[in-house]
Amino acid sequence: VQLQASGGGLVQAGGSLRLSCAASGRTFSHYIMGWFRQAPGKEREFVAAISGNGGATYYADSVKGRFTISRDNAKNMVYLQMNSLKPEDTAVYYCAFLKDWTTPQDDYWGQGTLVTVSS
């Protein structure tokens, strides 16, 4: 299994970023995919998830209405569009294969991408 997130960077509060994740090692379309984040000094937390066919999504309350998860099964890619960013969104963001809406399939996290939101 390989998971490689990209697209992070430094953005001002109120700005937008689009994260991408390239996944391999499993039959991509068979899995719910999700995004998690870990802020400095805090535990990793769930952000968003999308069903295998992309028809259903689920979000943490803290990002609902601001973030949008999507996927391209032909490319084995999952995306996270982040709008109206806040300083509290600052974290390293990871993608993951999920076994339900919020639980990772395993403990492998791959390469994350750092998002820094300045006030």
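Quick note: structure is the one above.
What comes next is a walk through the structure. If you're wondering where the values come from, they're calculated on a predicted model, not measured in any experiment. (Residues numbered from 1 in each chain as written. Predicted model: local features only at pLDDT ≥ 70, side-chain atom pairs only at ≥ 80, totals over all residues. Heavy atoms only, no water.)

## Overview of the sheet that holds strand β9 (residues 91–98)
Piece 1. The sheet built from six strands is open, its strands ordered β2-β10-β9-β4-β5-β6 with mixed pairing. What marks the edges here is a single partner per strand, and that holds for β2 (9–12) and β6 (57–59). With strand direction ignored, the average angle separating the axes of adjacent strands in the sheet is 25 degrees.
Piece 2. With five bridges joining them, strand β4 (residues 32–38) and strand β5 (residues 45–50) adopt antiparallel strand pairing. Looking at the pairing, arginine 37 lines up with glutamate 45 of β5. (Pairing = 2+ DSSP bridges. Helix = DSSP H or I, 4+ residues; strand = E, 2+ residues; numbered from the N terminus. Axes fitted to C-alpha atoms, helices over the stretch in contact; angles between N-to-C directions.)

## Regarding the environment of cysteine 95
Piece 1. Counting through the fold element by element, cysteine 95 comes out in strand β9.
Piece 2. Along the sequence, cysteine 95 and glutamate 43 sit 52 residues apart, while their C-alpha atoms lie 15 Å from each other.
Piece 3. Apart from residues no more than four positions distant in its own chain, cysteine 95 is found in contact with Leu3, Cys21, Gly34, Trp35, Val78 and Trp109. (Contact = heavy atoms within 4.5 Å.)

## Remarks on the environment of valine 117
Piece 1. Looking at where valine 117 falls in the secondary structure, it is placed in strand β10 (residues 113–118).
Piece 2. The buried category is assigned to valine 117, whose relative accessible area is 5%.
Piece 3. Linking valine 117 and proline 87, residues 30 residues apart in sequence, is a C-alpha distance of 4.7 Å. (Buried < 20%, exposed > 50% of the residue type's maximum accessible area, 1.4 Å probe, protein only.)

## A few points about the packing of aromatic side chains
Each aromatic ring pair is specified by the distance between its two centres and by the angle formed by the two planes.
Piece 1. If you walk through the whole model with that rule in mind, you get six aromatic pairs.
Piece 2. Across the ring face of tyrosine 79, the terminal group of arginine 18 is positioned such that the distance to the ring centre comes to 4.0 Å.
Piece 3. Over the face of the ring belonging to tryptophan 109 we find arginine 44, whose NZ or CZ atom lies 4.0 Å from the ring centre. (Phe/Tyr/Trp six-rings, centres within 6.5 Å; stacked < 30°, edge-to-face > 60°. Lys NZ or Arg CZ within 6 Å of the ring centre and 35° of its normal.)

## Remarks on the sheet that holds strand β3 (residues 17–24)
Piece 1. Across the sheet, four strands lie side by side as β1-β3-β8-β7; this open sheet has antiparallel pairing. Of all strands in the sheet, those with a lone pairing partner are β1 (2–6) and β7 (67–72), marking the two edges. For this sheet, the mean angle separating the axes of adjacent strands, direction not counted, is 15 degrees.
Piece 2. As judged from the six bridges shared by β3 and strand β8 (residues 77–82), these two strands associate in the antiparallel manner. When the bridges of β8 are listed, alanine 22 appears paired with methionine 77.

## Description of the pattern of salt bridges
Piece 1. For the structure on display, the rule yields five salt bridges.
Piece 2. Of the charged contacts, one joins arginine 37 and glutamate 45 as a salt bridge, the two residues approaching to 2.6 Å between their closest N and O atoms.
Piece 3. On the accessibility criterion, glutamate 45 (36% relative accessible area) is partly exposed.
Piece 4. Between aspartate 61 and lysine 64 there is a salt bridge, with the nearest N and O atoms lying 3.1 Å from each other.
Piece 5. Each of Arg37, Glu45, Arg66 and Asp89 takes part in salt bridges that share partners, so that together they form one network. (Salt bridge = Lys/Arg side-chain N within 4 Å of Asp/Glu carboxyl O.)

## Thoughts on the environment of methionine 82
Piece 1. Among the secondary structure elements, methionine 82 is positioned in strand β8.
Piece 2. Residue methionine 82 is classed as buried on the basis of its relative accessible area, which comes to 0%.
Piece 3. Separated by 13 residues in the primary sequence, methionine 82 and isoleucine 69 place their C-alpha atoms 8.8 Å from one another.
Piece 4. When neighbours within four sequence positions are excluded, methionine 82 is seen to be in contact with Gly15, Ser16, Leu17, Leu19, Arg66, Phe67, Tyr93 and Val115.

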